[in-house]
Amino acid sequence: RAPNVSRRCTRCLACYYCDRSCQENHWPFHKVECQVVKQDPDGSGQSQPVVPRQQPIPLSMGNVGLNNLGNTCFMNSALQCLSHAAPLTRLFLSGNFRQDLNTENPLGTGGKLANAYEQTLKELWMRSNARSTSPTMLKRAIALFAPRFAGFQQHDAQEFLAYLLDGLHED
């Protein structure tokens, strides 16, 4: 069990969460494999799964690749690096970023970039049994507000990362 874990799925007892909002955000991904446990069926003080399992539900834990959409390896490498910046990733996976979202900022994207980034992070961190995912929604959101990243040409990863971080900041 990881540090700072304060909640647990009460149905299957297999997933741990940092807080309630993190648990609520993970539910759409977790419910597919969540199995109800019987509460102390034989009086032994142990909860037993209804269907025996060999191990806890295998979440991706960030070990999901990003499919290349043309020559978008610059984007994929920057996204993989940024997704492992724990404080920022926790903020988005828990949904707590929404309280700071400024959809009225003329320099921002109206929250579209932040929401697309949240969805990409959820695909990277919360999908079980996933090997790779396509960051299509995020690429579309970026191309809408930064036409230089439209299409499938190569670009500089540092320029992409600078735009993404600035866009998230403005949102």
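Please refer to the structure placed before this passage.
**Notes on the packing of aromatic side chains**
Note on aromatic pairs: each is described by the distance of the centres and the angle between the planes. Taken as a whole and assessed by the stated rule, the structure comprises three aromatic pairs. Plain terms: the ring middles of Phe92 and Phe97 are 4.5 Å apart, the flat faces sit at 25 degrees to each other, and that makes the pair stacked. In this pair, the class of Phe92 matches that of Phe97, namely buried. Among the aromatic residues, those joined into a cluster by ring pairs are Phe92, Phe97 and Tyr117.

**Examining the packing of helix H3 (residues 86-93) against helix H4 (residues 112-125)**
Helix-helix packing is characterised by the crossing angle of the two axes and by the distance between the axes. Their axes nearest at 9 Å, the elements H3 and H4 cross at an angle of 100 degrees. In this view, H3 runs roughly perpendicular relative to H4, as classed from their interaxial angle. Only Ala114, Tyr117, Glu118, Leu121, Lys122 and Trp125 of H4 make contact with H3, whose side of the interface consists of Leu88, Thr89, Phe92 and Leu93. Residues belonging to the contact of H3 with H4 are distributed by class as follows: seven nonpolar, one polar and two charged.

Definitions and cut-offs
Residues numbered from 1 in each chain as written. Predicted model: local features only at pLDDT ≥ 70, side-chain atom pairs only at ≥ 80, totals over all residues. Heavy atoms only, no water. Phe/Tyr/Trp six-rings, centres within 6.5 Å; stacked < 30°, edge-to-face > 60°. Buried < 20%, exposed > 50% of the residue type's maximum accessible area, 1.4 Å probe, protein only. Axes fitted to C-alpha atoms, helices over the stretch in contact; angles between N-to-C directions. Helix = DSSP H or I, 4+ residues; strand = E, 2+ residues; numbered from the N terminus. Parallel < 35°, antiparallel > 145°, perpendicular 65-115°, else oblique. Contact = heavy atoms within 4.5 Å. Nonpolar A, V, L, I, M, F, W, Y, C, P; charged D, E, K, R; others polar.

From the geometry alone we can't say anything about function, so treat these as descriptive.
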